[in-house]
Amino acid sequence: KSIAELGDLRGKRVLVRSDLNVPLEADAEGSPAITDDGRIRASVPTITALAEAGARVIVCAHLGRPKGAPEEKYSLAPVAARLGELLGRDVAFATDTVGDSARATVAAAQDGDVVLLENLRFNAGETAKSADARAEFAGRLAGLAEAFVSDGFGVVHREQASVFDVARLLPSAVGGLVETEVGVLRRLTTDPERPYAVVLGGAKVSDKLAVIDNLIRTADRLLIGGGMVFTFLKAQGHEVGTSLLEQDQVEAVAGYLELAKERGVEIVLPVDVVAATAFSADAEHEVVGVDAIPADRMGLDIGPRSSELFAEKLRDCRTVFWNGPMGAFEMAPYAAGTKALAAALVDITSGGGLTVVGGGDSAAAVRQLGFTDDQFGHISTGGGASLEYLEGKDLPGLTVLDES
Ligand code: 3PG
């Protein structure tokens, strides 16, 4: 169901699950400051549409991974302020999620007003594994509203109270952000224009094995960078010094390299890396070939010859999905690989190809490195969610909407 199918929303209390899980860092005064507001921006159109339809909009979201009880550093208060600026209207912030403050704030809301509830994960019922343990919290959340809109694409892979259970308790609809995200990812899984390349980076290969398994069936080329690449290099027989290595995954990765060869899927690995003496911007570092990583150094970025190779392998691609930075881009000496990759994607976008950047880290990386969202076909708000979609898994937050 789309929002329009919920009928006339004037005066109705509508609960919206958004993904407002943004990175925060302490500013000069020690107050939490949002370092990338992409997810808040992406949530604005649905909230605005509901407010303009006259609904009393109750936004709920999580921040970080608190353990089921309030923790100041995970408060959504700074997010409420930023959301208000982006919406151009006041956002009433409830200092709890389903308690006295939430009920009073919702009761005071007029048609077209926007309320943000405090972090859902301050309540153990939000993330509890069993449906029974989530039921009470889900019931109290649903009790605040008359309809539910699921718009947090980044959390649709979570079977949690605000994503899954509330959709069974209220008339529910899919929000515009989730519709857009699913539409784009469907283009990747259903007959993508070829050649279709996937670039994977980030720290851990163990998080990505399932998607690699699936990509070996769908993509034409798989380019690997980031910390996870050292497990691949090891599987090919290289020594990787003190680089990040998941020794227990080497065998699985070797199996995937073999399978890719059988299927005719090209796996492209770096030929050089930036090797440093420590995980620090000030550490001594040099570019070395992948067969000459010194025993006391760690690879923190792909090297310049690898950046050229990756750009070359992407040049003729009509579809590219990218998840995970190529190196420790937040430190200037190790940002070049990620920057070069982003530039290669920008060229593909301008040539009319479809480029999709998935995952909070990659999205934050491209913005921090000076790129703008409109230089890519789509910047997904979902990290784990977009990977699980590409794995072909059923995502609870989507299947529950199909049922409802
Ligand atoms: C994300 O950051 O990918 C989403 O907000 C989901 O957060 P989670 O991984 O803590 O569930």
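The name an unreviewed UniProt entry gives the chain is Phosphoglycerate kinase, with Knoellia aerolata DSM 18566 as the organism. Database annotation for the chain, UniProt heading Pathway (unreviewed entry): "Carbohydrate degradation; glycolysis; pyruvate from D-glyceraldehyde 3-phosphate: step 2/5." According to its UniProt record, the chain has this under Catalytic activity (unreviewed entry): "(2R)-3-phosphoglycerate + ATP = (2R)-3-phospho-glyceroyl phosphate + ADP".

*Asks:* Lay out the overall build of the chain with the relevant residues and their values.
*Replies:* Per the secondary structure count, the chain includes 15 helices and 17 strands. A compact globule built from 404 residues would reach a C-alpha radius of gyration of about 22 Å, and the chain, at 22 Å, matches this within 12%. Each principal axis of the C-alpha distribution contributes one length, and for the chain these read about 65 × 50 × 40 Å. Out of the 404 residues belonging to the chain, those deemed buried represent 50%. Here the analysis covers contacts within the chain between residues at least 6 apart in sequence; of these, 72% occur between residues at least 24 apart.

*Asks:* Before we move on, can you summarise the sheet that holds strand β12 (residues 272-276) with the specific residues and values?
*Replies:* Pairing is antiparallel in the open sheet, where three strands are placed in the order β13-β12-β14. Only two strands of the sheet have a single partner each, and these edge strands are β13 (285-289) and β14 (298-302). Each adjacent strand pair in this sheet contributes to an overall mean axis angle of 40°, direction not counted. Two strands pair when backbone bridges link them, and β12 and β13 are joined in this way by five bridges, in the antiparallel orientation. What sits directly across from A276, in β13, is H285.

*Asks:* Can you break down the site of the ligand residue by residue, with the values?
*Replies:* Close to the ligand lie D19, N21, R65, G154, V155, R158, G360, G383 and G384. Residue classes in the shell around the ligand are distributed as one nonpolar, five polar and three charged. Among the domains, domain 1 (3-176) and domain 2 (183-391) are the pair contributing at least three residues each to the shell around the ligand.

*Asks:* How would you summarise the nonpolar core if you had to cite specific residues and measurements?
*Replies:* Of all hydrophobic cores here, the largest spans 123 residues; its most connected members are V14, L15, V57, I58, V59 and L141. No other element matches the six residues that helix α12 (residues 336-350) contributes to this core. Looking at which domains feed residues into this core, each of domain 1 (3-176) and domain 2 (183-391) gives three or more. Setting aside residues up to four positions removed in sequence, V57 forms contacts with V14, V16, I47, L50, A51, V114 and V115.

*Asks:* I'd love a proper account of helix α3 (residues 100-108), names of residues and values included.
*Replies:* Residues that lie three or four places apart on an α-helix share one face, since the helix turns once every 3.6 residues. For α3, the full list of buried residues reads A102, T105 and V106. Down the axis of α3, the sector holding all buried residues measures 95°, keeping them to one side. Pointing more than 90 degrees away from the buried face of α3 are the exposed residues D100, A104, A107 and A108.

*Asks:* Residue-level account of unusual backbone geometry, with values.
*Replies:* Of note, the amide linkage connecting R194 to P195 takes the cis form, showing an omega dihedral of 0°. Within the secondary structure, P195 sits in the loop between α7 (176-189) and β9 (196-200).

*Asks:* Break down the domain arrangement of the chain for me, with residues and values.
*Replies:* Note: interface size is frequently given as the accessible area lost on complex formation between the parts. Each assigned domain of the chain is listed here: domain 1 (3-176) and domain 2 (183-391). Each of domain 1 and domain 2 has a C-alpha centre, and the two are 33 Å apart. Considering only residue class, the side of domain 1 that touches domain 2 consists of five nonpolar, three polar and three charged.

*Asks:* Help me get a handle on the UniProt feature "binding site: ATP" (unreviewed entry) in the chain, residues and values and all.
*Replies:* Here, the residues flagged by UniProt with the feature "binding site: ATP" (unreviewed entry) are K208, G299, E330, G359, G360, D361 and S362. Mapped onto the fold, G360 is located in helix α13 (residues 360-368). Using a count of 20 C-beta atoms within 10 Å as the deciding quantity, one classes G360 as buried. For S362, the position within the fold is in helix α13.

*Asks:* Describe the sheet that holds strand β8 (residues 172-174), and please don't skip the residues or the numbers.
*Replies:* Strand order across the open sheet formed by six strands is β5-β6-β4-β1-β7-β8, with parallel pairing between neighbours. Two strands close off the open sheet at either side, each with one partner strand: β5 (91-93) and β8. Neighbour-to-neighbour, the strand axes of this sheet turn through a mean angle of 25°, independent of strand direction. The sheet contact formed by strand β1 (residues 13-17) and strand β7 (residues 147-150) spans four bridges and is parallel. Bridge pairing in β7 places L15 opposite F148.

Definitions and limits used
- Residues numbered from 1 in each chain as written.
- Predicted model: local features only at pLDDT ≥ 70, side-chain atom pairs only at ≥ 80, totals over all residues.
- UniProt positions renumbered as here; feature names shortened; annotations may be inferred.
- Helix = DSSP H or I, 4+ residues; strand = E, 2+ residues; numbered from the N terminus.
- Rg over C-alpha atoms; globule rule 2.2 N^0.38 Å.
- Buried ≥ 20, exposed ≤ 12 C-beta atoms within 10 Å, placed from the backbone.
- Contact = placed C-beta atoms within 7 Å.
- Pairing = 2+ DSSP bridges.
- Axes fitted to C-alpha atoms, helices over the stretch in contact; angles between N-to-C directions.
- Near = placed C-beta within 6 Å.
- Nonpolar A, V, L, I, M, F, W, Y, C, P; charged D, E, K, R; others polar.
- Domains from an automatic or database assignment.
- Core = buried A, V, L, I, M, F, W, Y, C linked by C-beta atoms within 7 Å.
- Arc of directions from axis to C-beta.

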